[in-house]
Amino acid sequence: MNCLSLRAALSWMAAALLLTACGGRDATGECRGNHLGVSVNWPIDAEASVVVDLTTGTTVFLTYLPRGHAGLKTFGAEIGLVDGESSASRTVALINRELRLEPEDNPLVFNWEGTRDTASESGKGFHAETGVPARGSVTIDVVDDEHAAGRFVYHYENGDELTCTFDAPTPAAAEGIFDGSGDGDDDD
């Protein structure tokens, strides 16, 4: 490698590191599997996030983009977590209670809300054709003041299964404010 190409490569790497360090982070993840008998791969909406509220606990807001599959505009979940950081992976069963999924009694997940938005209706719940999944689970790999990461799995009566992964930032991490001392600007 000659000096000119080495300098160009170093300049590019320095610029990439600077942009990464100064900017915030987007959510990453996807839903893969079968839904209504069709193989799907739905990306997570980059705006998915984690909100920490000292009075109500931590809520993870997840939205995936089904690209119009089965009339869905969005698909996701709101996960209510008990406060507290965790780096130990924990899995919680989601139990079908006729009209909704509920987490088993445990010290981590206290609420589960399936969400969807179709061309004709929006709001909470599950797709009319699939109904509430027969069972499911959510695994939380990490929760801290920057993000929550893990996955959830839905098992449907017809044999379909969706596995949805997520790594969602807090609003501060999304804005690139990690130590709480900034003013919200990235313009130093």
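About the cut-offs
Residues numbered from 1 in each chain as written. Predicted model: local features only at pLDDT ≥ 70, side-chain atom pairs only at ≥ 80, totals over all residues. Heavy atoms only, no water. Disulfide = S-S within 2.5 Å. Helix = DSSP H or I, 4+ residues; strand = E, 2+ residues; numbered from the N terminus. Pairing = 2+ DSSP bridges. Axes fitted to C-alpha atoms, helices over the stretch in contact; angles between N-to-C directions. Phe/Tyr/Trp six-rings, centres within 6.5 Å; stacked < 30°, edge-to-face > 60°. Buried < 20%, exposed > 50% of the residue type's maximum accessible area, 1.4 Å probe, protein only. Contact = heavy atoms within 4.5 Å. Polar contact = N/O pair within 3.5 Å; in protein donor to acceptor, adjacent residues only side chain to side chain.

**Q** Which residues make up the state of the cysteines, and what are the values?
**A** This model, assessed by the stated rule, comprises one disulfide. Disulfide pairing is shown between Cys 31 and Cys 164; the S-S distance is 2.0 Å. The chirality of the disulfide connecting Cys 31 with Cys 164 is right-handed, given an S-S dihedral of about 110°. In this pair, Cys 31 is assigned in strand S1 (residues 30-35) and Cys 164 in strand S12 (residues 161-169), connecting sequence segments 133 residues apart.

**Q** Describe in detail the sheet that holds strand S6 (residues 90-96), supporting the description with residues and values.
**A** One open sheet holds the seven strands; their spatial order is S2-S1-S12-S11-S10-S6-S7, and the pairing between them is antiparallel. In this open sheet, the two strands that pair with only one neighbour each are strand S2 (38-43) and strand S7 (101-103). Averaged over neighbouring strand pairs, the angle between their axes works out to 20° when direction is ignored. Of the strand pairs in this sheet, S1 and S12 are connected by three bridges, and their pairing is antiparallel. The residue bridging Gly 33 from the neighbouring strand is Leu 162, located in S12.

**Q** Got a sec to walk through the packing of aromatic side chains? Specific residues and values, please.
**A** Scanning the model with the defined rule gives eight aromatic pairs in all. Between Tyr 64 and Phe 152, the ring centres sit 6.1 Å apart and the planes meet at 70°, which makes this aromatic pair edge-to-face. Residue Tyr 64 is located in strand S4 (residues 57-64), and its partner Phe 152 is located in strand S11 (residues 147-155); the two are separated by 88 residues in the primary sequence. By relative accessible area, which is 0% here, Phe 152 ends up buried. Ring geometry for Phe 75 against Tyr 154: centres 6.0 Å apart, planes inclined by 75°, an arrangement best described as edge-to-face. Residue Phe 75 is located in strand S5 (residues 72-81), and its partner Tyr 154 is located in strand S11; the two are separated by 79 residues in the primary sequence. Taken together through their ring pairs, the aromatic side chains of Trp 42, Tyr 64, Phe 75, Trp 112, Phe 126, Phe 152, Tyr 154 and Tyr 156 make up a single cluster.

**Q** I'd like to hear about the environment of Glu 146, residue by residue, with values.
**A** Within the element layout of this structure, Glu 146 appears in the loop between strand S10 (135-143) and S11. Along the chain, Glu 146 and Val 50 lie 96 residues apart, while their C-alpha atoms are 8.5 Å from each other.

**Q** Could you give an account of unusual backbone geometry, naming the residues involved and the relevant values?
**A** With phi around 55°, Ala 70 is a residue other than glycine that occupies positive phi space. Looking at the element boundaries, Ala 70 is found in the loop between S4 and S5.

**Q** An account of the environment of Glu 102 is needed here, citing residue identities and associated values.
**A** Among the structural elements, Glu 102 can be located in strand S7. When the C-alpha positions of Glu 102 and Trp 112 are compared, they lie 5.8 Å apart, and in sequence the two are ten residues distant. With sequence-adjacent residues up to four places away left out, Glu 102 is seen in contact with Ala 93, Leu 94, Ile 95 and Arg 97. Side chain to side chain, Glu 102 and Arg 97 meet in a polar contact 3.4 Å long.

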